[in-house]
Amino acid sequence: MGSGKGATSSSQDMDMSITELREKHQQELKNLTLTTQPYKTLKFFVLAMIEYFKRSIVYLLVKGGWLMLLSTAFVAFGVLLVTIDGPHEKHIKELSEYARFGLWWIALGVASSIGLGSGLHTFVLYLGPHIALFTIKAMQCGRVDLKSAPYDTIQLKRGPSWLDKSCEEFGPPLFQSSHGLQVPLSSILPKVQMEAILWGVGTTLGELPPYFLSRAASMSGSKVNSMEELEDSSSEDNGFMATHLKLIKCWLWSHIQHLNFFTILVLASVPNPLFDLAGIMCGQFGIPFWKFFLATLLGKAIFKTHIQTVFIISVCNNQLLDWIENELIWVLSLVPGFDTFLPELTAKLHAVKDKYLAAPHLVRTNVKAGTSFSLSSKDHGL
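Residues numbered from 1 in each chain as written. Predicted model: local features only at pLDDT ≥ 70, side-chain atom pairs only at ≥ 80, totals over all residues. Heavy atoms only, no water.

### Some remarks on the overall build of the protein chain
Of the regular secondary structure elements, the protein chain holds 15 helices and zero strands. Expressed as a percentage of its 382 residues, the buried residues of the protein chain come to 31%. Counting only contacts in the protein chain whose residues sit at least 6 apart along the sequence, the fraction spanning at least 24 positions is 74%. Surface summary for the protein chain: the accessible area is close to 24,400 Å², and the carbon and sulfur share equals 68%. (Helix = DSSP H or I, 4+ residues; strand = E, 2+ residues; numbered from the N terminus. Buried < 20%, exposed > 50% of the residue type's maximum accessible area, 1.4 Å probe, protein only. Contact = heavy atoms within 4.5 Å. Areas by Shrake-Rupley, 256 points an atom, 1.4 Å probe, with all protein chains shown as cover.)

Set out below in structure tokens:
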């Protein structure tokens, strides 16, 4: 009897100690952040990356021996071509320029969307100004064959060559109209389309980490506390915008199980600050990877980038502004008294616009390429 009671009490003490250890472990995990314990967090991160790298190598050696063999042969062949002199050098250099061009714009796209919306907004800093400057240059010169090659764009520590050239170096204008130089949108779009698509591919890749992290948490059985946090904070009065943002998040939580390819495509095709949340929930509720990836790729790299690119070209090419101007003239002409001096005012505005477009491009030659690009942006009022 006594021995039975002793065994029962010892097992209870052991269960309590295990429970206490688990609670202590959970508390340590919550406190393990870069702000509270930076050294320990970085140490565990490095150890986890080393372990993941080891497992990946073992998996490739076991499952993908042929893939490793072909990859090694391809890399060795590339190194051989680079080190040996010959007539193929110019082709290797051209190929490296294309690779640098692609990696640059893809990296900018990743930097824009990674970090749950806290990343670098590279469309505003790089792609948008690049499209605007090319459109303005095309309008000034009356032609679109400004690039020396498709990769002649802004890159790391290097600006585009066409930015510093005068219009006389390209030749006479190819596009003329009764209103002066008018370059159609359909002619400008193909010249900046490739970098826009590559940037969109990068933004798609930047959306994958939240999806994979959420999917891994779901497969490990971890409980998602985001919905509970939303419900707990729903009663708080945080203002009009915060309240409606929480309502949108709650709607996404309740409808994410029914997401299909078309819904993800629509969410990715428009500027959507909540798409990170959609990616997290797609991973949490087991949306297949290829459905999420292909819908996001099609939405961001094709639809969203073209919407943004066409808008910037339309503004800088005066097509959208001309349409707005015509509509305003039509509306103001209906107001009594405006129709008498409206033609004179319109003529003066057109004269100012033509003078601005005909102004020579200012370039500072004593600065670096990256700085020259930003200064040129300021010179154009961007």
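### What to know about the UniProt feature "transmembrane region" (unreviewed entry) in the protein chain
Under the UniProt annotation, the feature "transmembrane region" (unreviewed entry) is placed at residues 57-84, 104-127, 250-271 and 277-298. The span residues 277-298 is 82% helical and 0% strand by assignment, and the distance between its end C-alpha atoms comes to 19 Å. (UniProt positions renumbered as here; feature names shortened; annotations may be inferred.)

### Quick notes on the nonpolar core
In terms of nonpolar packing, the biggest core is built from 34 residues, with Trp105, Leu127, Leu146, Trp162, Ile188 and Ile313 touching the most fellow members. Ranked by residue count, the leading element in this core is helix H5 (residues 122-141), at ten residues. Those residues within four positions of leucine 146 in sequence are excluded, and the remaining contacts are Phe134, Lys137, Ala138, Cys141, Asp152, Trp162 and Phe170. Counting residues in hydrophobic clusters, the runner-up holds 13 residues, among them Leu265, Ala278, Phe293 and Ala295. (Core = buried A, V, L, I, M, F, W, Y, C linked by side-chain atoms within 4.5 Å.)

### Looking at the confidence of the model for the protein chain
Detailed reading of the predicted model is not advised wherever pLDDT is low. Overall, the predicted model of the protein chain reaches an average pLDDT of 74, with 69% of residues at or above 70. Here helix H15 (residues 369-379) is the element of the protein chain with the lowest mean pLDDT, 39, and helix H6 (residues 185-206) is the one with the highest, 92. Low pLDDT, under 50, characterises residues 224-228; the predicted model gives this stretch six contacts beyond four residues in sequence or across chains. Every residue in residues 360-382 is under pLDDT 50, and counting partners more than four places away or in other chains gives 36 contacts. (pLDDT = per-residue confidence, 0-100.)

### A look at helix H7 (residues 208-219)
Here H7 contains twelve residues, and its C-alpha end-to-end distance of 16 Å stays within 8% of the 16 Å for a straight helix at 1.5 Å per residue. Along H7, the residues that are buried comprise Leu208, Pro210, Tyr211 and Ser214. The buried residues of H7 occupy an angular sector of 165° when the element is viewed end-on, so they sit on one face. Across H7 from its buried face, at more than 90 degrees, point the exposed residues Leu213 and Met219. (Expected span 1.5 Å × (residues − 1). Arc of directions from axis to C-beta.)

### Observations regarding unusual backbone geometry
In this structure, lysine 157 takes a positive phi of about 60° despite not being glycine. Judged by its relative accessible area of 76%, lysine 157 is exposed.

### A look at the state of the cysteines
Counted according to the given criterion, the structure contains one disulfide. Here cysteine 141 pairs with cysteine 167 through a disulfide, and the sulfurs are 2.1 Å apart. For the disulfide bridge between cysteine 141 and cysteine 167, the dihedral angle about the S-S bond is near -75°, and by the sign convention the bridge is left-handed. In this pair, cysteine 141 sits in helix H5 while cysteine 167 sits in the loop between H5 and H6, placing the two residues 26 residues apart along the sequence. With respect to burial, cysteine 141 and cysteine 167 carry one shared label: buried. (Disulfide = S-S within 2.5 Å.)

### With respect to the environment of leucine 32
In this structure, leucine 32 sits in the loop between helix H1 (2-31) and helix H2 (38-63). A relative accessible area of 24% places leucine 32 in the partly exposed class. Leucine 32 sits ten residues away from leucine 42 along the chain, and the two C-alpha atoms are 9.9 Å apart. What leucine 32 contacts, discounting residues up to four positions off in sequence, is Gln37, Lys40, Thr41 and Phe44.

### With respect to the packing of aromatic side chains
The description of an aromatic ring pair uses the distance of the two centres, along with the angle that the planes make with each other. Here the structure, examined in full by the defined rule, presents eleven aromatic pairs. Centroid distance tyrosine 211 to phenylalanine 292: 4.6 Å. Interplanar angle 5°. Geometry classified as stacked. Of this pair, tyrosine 211 sits in helix H7 while phenylalanine 292 sits in helix H12 (residues 289-316), and the two are 81 residues apart along the sequence. Judged by its relative accessible area of 1%, phenylalanine 292 falls in the buried class. A ring pair is formed by phenylalanine 212 and phenylalanine 289, whose centres lie 5.4 Å apart and whose planes are at 25°; its orientation type is stacked. Of this pair, phenylalanine 212 sits in helix H7 while phenylalanine 289 is found in helix H12, placing the two residues 77 residues apart along the sequence. Accessibility expressed as a relative area gives 41% for phenylalanine 212, which makes it partly exposed. Members of the aromatic cluster, connected to one another through ring pairs, are Tyr211, Phe212, Phe289, Trp290, Phe292 and Phe293. (Phe/Tyr/Trp six-rings, centres within 6.5 Å; stacked < 30°, edge-to-face > 60°.)

### So, helix H4 (residues 89-113)
Under the 1.5 Å per step criterion, the end-to-end length of H4 is 36 Å for 25 residues, consistent within 8% with the ideal 36 Å. Buried residues of H4: Glu97, Phe101, Gly102, Trp104, Trp105, Leu108, Gly109, Ser112 and Ser113, and no others. Elements that come into contact with the buried residues of H4 comprise H5, H6 and helix H11 (275-284).

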